[in-house]
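Below, each chain spelled out in residue letters.
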Amino acid sequence: MRKIFIIAAMLGAALASKAQEVWTLDKCIEHAIENNISIRRQQNTIERDEISLNTAKMNVLPDLSANVRQGWDFGRGLTMENTYVNKNTSNTSFSLSTSVTLFSGLQKYNTIQARKLDLEAATADLDKAKEDLSINVTSSYLQVLYSNELLNVAKRQLELSKAMLNQKEQMAKNGKASESDVAEAKSRVAQDQLSVIQSENEYKLALLDLSQLLELDSPEQFAIEAPDTTAQLMAIPTVETVYADALNYKAIIKGDNARIEGAEKNVSIAKGGYCPSLYLNAGVSTGYYKTKGFNNASFSDQLNEHIDKQISLSLNIPIFNRFSTRNEVRSARNQVVGMQLQLDADKKALYKEVQQAYYNAIAAESKYGSSLTAEESAELSFRLMNKKYNNGKATQTEYNQSRTEWMKAVADRIQAKYEYIFRAKILEFYRGQA
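Residues numbered from 1 in each chain as written. Predicted model: local features only at pLDDT ≥ 70, side-chain atom pairs only at ≥ 80, totals over all residues. Heavy atoms only, no water.

Student: Would you explain the overall build of the protein in this entry?
Tutor: Counting its secondary structure elements, the protein contains 10 helices and 8 strands. Split into buried and exposed, the 434 residues of the protein put 34% on the buried side. Relative to all contacts within the protein whose residues are 6 or more apart in sequence, the contacts with residues 24 or more apart total 82%. Approximately 27,000 Å² of the protein is accessible, and the part contributed by carbon and sulfur atoms is 53%. The averaged location of the 52 negative side-chain charges in the protein is 2 Å from the averaged location of its 52 positive side-chain charges. (Helix = DSSP H or I, 4+ residues; strand = E, 2+ residues; numbered from the N terminus. Buried < 20%, exposed > 50% of the residue type's maximum accessible area, 1.4 Å probe, protein only. Contact = heavy atoms within 4.5 Å. Areas by Shrake-Rupley, 256 points an atom, 1.4 Å probe, with all protein chains shown as cover. Lys, Arg positive; Asp, Glu negative; His and termini not counted. Charge placed at Lys NZ, Arg CZ, Asp CG, Glu CD.)

Now the structure itself:
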C-alpha cells in the first residue's frame, strides 16, 4: 500500500511539473511560427517554387524516348512481278530518339535564373510573415505581463484595504472609531475585491489571446515566464539609422528587389524569342517484316539488317510571328516598371513606419521617465499621509484618496514601462536585432 502511495505521489509530482511548465517569449514565437497556418501556406509556396526551379534546371538536359510499333496488312497486294495476290503481312519496328537544344537565345538559362529569384522572393515573403507574427506575439506576450502586474497591484491594494479594515475594527472595539468608519472600510475592501476580480478576468483574456495566437487548444495550464522587464532608458537611434538598417534587413524590401531582378530576367527570356534556335537530334531504329506464304529472314537477322541511325542539326530562324515576341518583351518591361514602382512605394511606406515607430519610442521614453518620477512622488505622499492618518491628523477619506493616487501612479508606471519596452522592441525588429 505504501509503495502504491509513493508511486501515486511521484506521478502527481510529474504531472504537476508538466502543468506548471512556463513559456518564454522565444518559445512562444517559435511555436507560433511552426503552427501558424499562414506561415505554413507560405512554406508550401516555397516548395512549389523549388519544384519550378528544379523543372527549369532539368529542362536543359536532352530528352530520350523509345517507340515500339506493331502493324498488320490484309488483302490483295502488288507483287514484284506486277501481279496482285492475296497476302497477309505483319511488321514490327523499334526506335530510340533523343534531342537537345544547343542554343535558344539563352532562354533556358534565364529561366533558371528567374525561377531562382522567384524562390528568393517567396523566401522573403515567408520572412516577412514571420516578422509580422513575431511582433504580434511579442505584443500579446507583453500584454499578458502587463495584465499580470496590474493584477498584483490590485491584490496589493486589497491587502492594504483589509489591513485598514482590521485596524478600524480593533479601534471600534476600543471606542476610537465609529461604525461608519468600519462600514467605509468594509466598502473599500469590497471595491478592491471587485477590482481584483476584474484584473483577473483581464489577465485571463490576455492569456487567451496569446494562446489563440499560438494555435493552442486551450489556455488552461498555460503560463508564461516573467522575465526581467526592468526598462532601462537608452539612447534611441535616429530615424535615418533605423531606416538604413531596415533597407538592408526588412524582408519586404528583399522580396521587392528579388522580384525586380526576376522581372528583368523575364525580359531577357522574351528577347530570346528574336534569336535563332539550334537543335541536335539523333536516333536509331530497326524493324521486322513478315509475309505469310513467303520465305522470311529470321527475327534477329532482320533486326540487325534493318538498323538505321540518324543524326541531324536543325536551325529555326524566326522571321515573323505576328509581333508576338515584341509584345512579350514590352509586357516584360512593363512588369519591371511595375515592380520598381512597388519597391518605391514600399520604401516610402517603410520610412513612414520607421518615423512613426521612432516618435512612438521617443514619446514612450518620455512617458516612462515621467511615470517613474510620478510614482516616487505619489508613494512619498502616501507614506506621509499614512503617518498623519495614524497620528489622527488626516481623515480616512484623505488617506484613501492618497492611496488611490499612489496605486494609479503605480499602474501608470507599469503601463508606461511595457509600452516603452514594446516600442523599443519594434525599433529592434526594424534593425534586425530582435
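Student: Just to check I follow, could you spell out the pattern of salt bridges for this structure?
Tutor: Once the charged atoms of two side chains with opposite charge are near each other, the side chains can pair. Per the stated rule, a full pass over the model turns up 14 salt bridges. Three or more residues are tied together by salt bridges with common partners; here these are Arg188, Asp192 and Arg403. (Salt bridge = Lys/Arg side-chain N within 4 Å of Asp/Glu carboxyl O.)

Student: Would you explain the side chain of Lys250 in this entry?
Tutor: Structurally, Lys250 can be placed in the loop between helix H6 (239-249) and helix H7 (251-271). Note on Lys250: relative accessible area 8%, which makes it buried. Setting aside anything within four residues of it in sequence, one finds Lys250 in contact with Glu131, Leu350, Phe429 and Tyr430.

Student: So what exactly am I meant to see when it comes to the packing of helix H4 (residues 107-173) against helix H5 (residues 179-213) here?
Tutor: Closest axis-to-axis distance for the H4/H5 pair is 8 Å, and the angle between their directions is 165°. In terms of orientation, H4 lies roughly antiparallel with respect to H5. Of the two elements, H4 crosses H5, and the hand of that crossing is left-handed. Split by residue class, the contact of H4 with H5 holds 19 nonpolar, 10 polar and 11 charged. (Axes fitted to C-alpha atoms, helices over the stretch in contact; angles between N-to-C directions. Parallel < 35°, antiparallel > 145°, perpendicular 65-115°, else oblique. Left-handed = near helix turned anticlockwise from the far one by under 90°. Nonpolar A, V, L, I, M, F, W, Y, C, P; charged D, E, K, R; others polar.)

Student: What exactly am I supposed to notice about the pairing of strand E7 (residues 277-291) here?
Tutor: Side chains on a regular strand alternate between the two faces of the sheet. Examined bridge by bridge, strand E5 (residues 89-103) and E7 share 14 bridges and lie antiparallel to one another. Counterpart to Ser90 in the pairing with E7 is Lys290. Inspection of the sheet shows E7 paired to strand E8 (residues 308-316) by 9 bridges, in the antiparallel sense. Across the sheet, the residue bridging to Ser277 is Asn316, located in E8. (Pairing = 2+ DSSP bridges.)

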